[in-house]
Amino acid sequence: MSPFQECKKYQIPFYRCPSFIFLALGTMIIFAVLTSYYVGNRIIDDPLVVALICIILTVILLILSYFATKTFEVLIEANRLKSEFISLASHQLRAPISNLKFAIEILMSGKKGKFEPSQLEYLQILKENTIRLGELTRDLLLISKIESGNLKLKEEKFDLCQLTEKIVKNFSPFARAHNVDIKCSFQDNIPKIFGDQEQIKGVIETLLDNAIKYSKKEKSLVEIKIGKKKKEIYFEIKDEGIGIPQSDQKRIFEKFFRASNVSKSEIPGTGLGLFIAKSIIERSGGKIYLNSEEGKGTTVSFTLPLS
Amino acid sequence: MAKKILFIEDESALQKTFSDFLDKEGFQVISALDGETGIKHAERELPDLILLDLILPKLEGIEVLQRLRENPKTKDIPVIVLTNVDDFEKLEKALELGIKAYLIKTDFTLEEVLKKIKDELKE
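Quantities reported herein were computed from a predicted structural model and do not represent experimental measurements. Sequence order sets the numbering: in each chain, residues are counted from 1 along the sequence as written. Each chain gets a letter, beginning with A, and each ligand a number, beginning with 1, in the order they are written. Restriction of local features to residues with pLDDT of at least 70 applies here, the model being predicted, together with a cutoff of 80 or more for giving and counting side-chain atom pairs; totals for whole chains, interfaces and linings are based on all residues. To obtain the side-chain values, all non-hydrogen atoms of the structure were included, while hydrogens and water were left out.

**Digging into the interface of chain B and chain A**
Point 1. Across the contact, 24 residues belong to chain B and 19 residues belong to chain A.
Point 2. When the two sides are added together, the surface that chain B and chain A hide from each other amounts to roughly 1,900 Å², 55% of it contributed by carbon and sulfur.
Point 3. Buried area: the accessible surface (1.4 Å probe) lost by two parts on joining, summed over both. Of all residues in chain B, the largest losses of buried area upon contact with chain A belong to B:Asp86, B:Phe88 and B:Thr106, amounting jointly to 29% of the total for that side.
Point 4. Basic side-chain nitrogens of Lys or Arg form a salt bridge, by our definition, when they fall within 4 Å of a carboxyl oxygen of Asp or Glu. Counting across the interface, chain B meets chain A through three salt bridges.
Point 5. A salt bridge links A:Lys111 to B:Glu25; its shortest N-O distance comes to 3.0 Å.
Point 6. Think of a polar contact as two N or O atoms within 3.5 Å of one another; within protein, one of them needs to be a possible hydrogen donor and the other a possible acceptor, and neighboring residues in sequence only count if both atoms come from side chains. Inspection of the chain B/chain A interface yields 11 residue pairs in polar contact (both at pLDDT 80 or more).
Point 7. For the side of chain B that touches chain A, the secondary-structure elements that each account for two or more residues are helix 1 (12–24), helix 4 (88–96) and helix 5 (110–122) of chain B.
Point 8. Here the side of chain B that touches chain A takes seven residues from helix 1 of chain B, the largest share from any one element.
Point 9. Amino acids are sorted into nonpolar (Ala, Val, Leu, Ile, Met, Phe, Trp, Tyr, Cys and Pro), charged (Asp, Glu, Lys and Arg) and polar (every other residue, Gly among them). Residue composition of the side of chain B that touches chain A, by class: 10 nonpolar, four polar and 10 charged. Pairs of residues are marked as contacts when any of their non-hydrogen atoms sit within 4.5 Å. Comment: elements are numbered from the N terminus, with helices defined as DSSP H or I runs of at least four residues and strands as E runs of at least two.

**With respect to the nonpolar core**
Point 1. Only buried Ala, Val, Leu, Ile, Met, Phe, Trp, Tyr and Cys residues count toward a nonpolar core, and they belong to the same one when joined by side-chain atoms within 4.5 Å. Only protein chains enter the accessibility calculation, which uses a 1.4 Å probe; a residue whose area is less than 20% of its type maximum is buried, one above 50% is exposed, and one in between is partly exposed. Membership of the largest hydrophobic core comes to 47 residues, with the highest contact counts inside it found for A:Leu160, A:Ile200, A:Leu208, A:Phe235, A:Ile237 and A:Phe302.
Point 2. For this core, the secondary-structure elements that each account for two or more residues are helix 4 (117–148), helix 5 (160–177), helix 6 (197–213), strand 4 (220–229), strand 5 (232–238), helix 9 (273–283) and strand 7 (297–305) of chain A.
Point 3. Excluding residues within four positions of it along the chain, A:Phe302 makes contact with A:Val203, A:Ile204, A:Leu207, A:Ile233, A:Tyr234, A:Phe235, A:Ile281, A:Lys287 and A:Ile288.
Point 4. B:Ile50, B:Ile62, B:Leu65 and B:Ile77 belong to the second-largest nonpolar core, a separate cluster that totals 25 residues.

**With respect to unusual backbone geometry**
Residues and elements named next belong to chain A.
Point 1. Not every positive phi belongs to a glycine, and Asn 189 is a case in point at roughly 50°.
Point 2. Looking at the secondary structure, you find Asn 189 in the loop between strand 2 (180–186) and strand 3 (193–195).
Point 3. On the accessibility criterion, Asn 189 (75% relative accessible area) is exposed.
Point 4. In this model, Phe 256 sits at a positive phi of 65°, which is unusual for a non-glycine residue.
Point 5. Along the polypeptide, Phe 256 turns up in the loop between helix 7 (246–249) and helix 8 (260–263).

**Considerations on the packing of aromatic side chains**
All names here are of chain A.
Point 1. Centres within 6.5 Å are what make two rings of Phe, Tyr or Trp a pair, Trp counting through its six-membered ring; a difference in plane orientation under 30 degrees is then read as stacked, over 60 as edge-to-face, and the rest as tilted. Enumeration over the complete set of coordinates arrives at six aromatic pairs over all chains.
Point 2. Relative to Phe 174, the ring of Phe 171 has its centre 6.1 Å away and its plane inclined at 75°; by these criteria the two rings are edge-to-face. Remark: Phe 174 and Phe 171 occur in helix 5; sequence separation between them is three residues, near one turn of the helix.
Point 3. For Phe 171, a relative accessible area of 13% gives the class buried.
Point 4. Three or more aromatic residues joined by ring pairs make a cluster, and in this case those are Phe 22, Tyr 66 and Phe 67.

Listed below in structure tokens is the structure:
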């Protein structure tokens, strides 16, 4: 396989391809050994001894670099296979999950006979957990796409304020159930932006879901701001929730990482949301920031370019 | 007269759930468990709408869609894709072939699918 084909297969830049690294290392070794030969000849009288030392050295170095790059190749192939496996497993899992979800919905609709309230409670548990399974497989699929470089973002013009209003409306029953008020303040005349509306929607949903889910038990407020700064649009969401401990903040955007104060609690979460949000925002040409104080609340903001 | 919906889906559990549900909503549901049967039913029954899965035995969903579009009898039947395949290229291809909606099974409820069907049949 040529280095070009290999790079394409592994979705990595040319200079990081194992075969390219091997070629570069080989060239450098040969060059270094030739220089050593030239210098050695001036110090040691017998040119044959110098040549022999140099040849042995070249062979050893070439063999070593060959093994090093081969090991590297095996590792990235293993990583690629892992992403492929996650993608395949998630697709396979989706079929039984959707069958379960639709069947539960039919039962709960009462069209197949009425249930007692105590039975309905159990059906509700089944329903909520199948939804969680569905969300988890969706997140895993998205991650496998991000990691394999297969996530393609659409380029469409859309109104971020309108999109946010729609999401807030959909979340209002969830917010009420958690005793949370959502306040939106958008600057006037925010221009439309280019990006993948569906993916940005997913990011805002994750941030809003976190802000509500990690709110404190008493009544609290979530504030969303959208504004324009130079050639960017910024989006900010501020909550009065449990916050993230200082020591965990550096790792909060890592895959599967959950802050120590939530992993002990019973609040469900996969630790995938912020990792996905960061990847989507960065791929859309923006940046994501986090500011948090444990016990006081968290502010997450992101920017998106205007063109 | 009850509107006819052709459901091309290889999962028999899902066939049962949807047939039951849509039947109660007053639709006549025709089932096909693979792509080839789906095309035959579409030509014979001329349904008002087709619900199509993408991973199918005998003939893949995208190919079913292509054949439906090539046939003058079936080319104008609205198609809603209901699948678990979350693939950008397949989505693009399906949109090119003029589908009305692309719904991921795990992300939509029966009521939401029903709403899409009703919206489509109203036009």
